[in-house]
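These are the residues of each chain, in order.
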Amino acid sequence: MKNHLHFGRVSALSLVLFLLATLGACQRSCNSSRQPTALQTVRFGMLPYADHTYAIIGAKQGWFKEVGIDIQYQTIKVEEIVPYLKNGTMDVVSSPPGILISAHDNAPNLCSFVFGDLFQGYAILAQPDGGYKSYDEFVQGGMSPTDAARATAQQLRGKTFAYPTETAIKPFIDLVLEKGGLKRSDFKSLVLDDPLTVNAMRGKQAAFQVGGVPSRIALQREGFKPILTSIDLVKGATPSADSRELSSILQNGWATTKEYYQKEHETILRLASVNYRIMKLINTNPQQALAIHMPYLSEVSGQSFTEKDGMVIYSSLDPFVSFEEQRAWFHDLQNPLYYKYVNGAILKSFTDQGVFKNPAPAVDDVIFADDIYFELEKLKQSTDQLFQQIENRHVTANNQQLKETLQRAKHFYEIYDYLDSERLAKEILAATP
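Residues numbered from 1 in each chain as written. Predicted model: local features only at pLDDT ≥ 70, side-chain atom pairs only at ≥ 80, totals over all residues. Heavy atoms only, no water.

Enquirer: Sorry, what's going on with the overall build of the protein chain here?
Expert: Summing up its helical and strand segments, the protein chain has 21 helices and 10 strands in all. Across its three principal axes, the protein chain shows a C-alpha extent of roughly 80 × 45 × 40 Å. Here the protein chain, with 433 residues, has 56% of them falling under the buried criterion. Element-wise, carbon and sulfur atoms account for 51% of the exposed surface of the protein chain, whose accessible area totals about 18600 Å². Across the protein chain, the centroid of the 43 positively charged side chains sits 1 Å from that of the 47 negatively charged ones. (Helix = DSSP H or I, 4+ residues; strand = E, 2+ residues; numbered from the N terminus. Buried < 20%, exposed > 50% of the residue type's maximum accessible area, 1.4 Å probe, protein only. Areas by Shrake-Rupley, 256 points an atom, 1.4 Å probe, with all protein chains shown as cover. Lys, Arg positive; Asp, Glu negative; His and termini not counted. Charge placed at Lys NZ, Arg CZ, Asp CG, Glu CD.)

Enquirer: For this particular structure, what's the right way to read the environment of Gln288?
Expert: Within the secondary structure, Gln288 sits in helix α14 (residues 286–301). Owing to a relative accessible area of 32%, Gln288 belongs among the partly exposed residues under this scheme. When the C-alpha atoms of Gln288 and Glu307 are compared, they prove to be 9.9 Å apart, with 19 residues separating the residues in sequence.

Enquirer: Mind showing me how you'd approach the confidence of the model for the protein chain here?
Expert: Detail in the predicted coordinates should be disregarded across regions flagged by low pLDDT. Chain-level statistics for the protein chain give a pLDDT mean of 90 and a share of 91% at 70 or above. The low-confidence segment residues 3–36, where pLDDT is below 50, has 59 contacts with residues more than four positions distant or belonging to other chains. (pLDDT = per-residue confidence, 0-100. Contact = heavy atoms within 4.5 Å.)

Enquirer: Explanation requested: the pattern of salt bridges in the structure shown.
Expert: Any two side chains of opposite charge can pair, on the condition that their charged atoms come close. In this structure the tally under the stated criterion is 22 salt bridges. A salt bridge links Asp309 to Arg221, with the shortest nitrogen-to-oxygen separation between them at 2.5 Å. Separated by 88 residues along the polypeptide, Asp309 in helix α15 (residues 307–317) and Arg221 in helix α10 (residues 213–221) bring together distant segments of the chain. The partner of Arg423 in a salt bridge is Glu427, and the shortest N-O contact between them spans 3.4 Å. Pair noted here: Arg423 and Glu427 are both in helix α21 (residues 418–430), with a separation of 4 residues, about one helical turn. A residue is classified by how much of its surface remains accessible, and Arg423, at 14% relative accessible area, is buried. (Salt bridge = Lys/Arg side-chain N within 4 Å of Asp/Glu carboxyl O.)

Here is the structure:
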């Protein structure tokens, strides 16, 4: 836990609201199956992109209300993230951590408290009938990550490679050429606006292409083959914030102010639980998630996204990562996706560009997702122990009301709301001699 901001309790007002929401007017009746009589309102901002609109799944499913939150969501622009959090227009927003890091000079009170998806950046796409092999295929054939990246990139030699003029893509291309031992003179460059690179691939004027998110979705949906991606390069990266490969990916999630994180800490934990419940649905039943997600994304983005587009997003562009799988991000220092390496690489890129006039922040000045993850783990462990005590003492054997409370506690546990599962388990034990 970060020593400068660790809060285990909420304000008296928040506690009163919470008790009203979950217990009504009772004191220790344990009738916690009642619907909340009051909800905590959270003003939530979403960017109109696939990796920042997934909260709509929880909203439409009623999952926020289930944990006592009235989510009032709206679409915002990237440039509104910082001012809306600073002036209190929004309580929580979905945001890339890089936005918060780069704004630290003027907004040092912003923090990212939970992660959802891993934006895997760019990909080189190949003609599907060209006989080209992917990085994964080379690895499966026995090559090391370094040799596989080189062999994959070498396939560009003597071919036509289409890519846009966007400066954001240039570092990825440069890295691919470096890994492949290539110079731009080793292939024919076809530099076009992003939509025109799609036409070049469709018309077979180019053998390979890299572009932005829309072009990747369009081409991959049509069967063009991703052969080398940002995440492929990350697989062979040194686990370090100095790895250039890591600056091309993002661990996206939800952000707030440090004041809100402190004052409404239990709400933050419940929001995180809904985030992880959404992750579980996306991974276990993507069709159900897409049926909610894609229509909303189409509505707010002004573009049409089908469920087939969504599967491209979920499977390769922005895979959403479960609570269980994110454990490596916070515990495994040998994993390139360890949160301090990914966000440290982004921080380093900003520092190298001279973004900060004041001393640059540390990763833990902005990223609080580790704190929340560790806190949820501790609550889960505590609840496991309490459930075992309840079972050993047979406290619900002849009490229907306590049985119902235990069922509700176990339901909260299943939906990652370990805060409330622990609370109800403690109530059960306290209500019995």
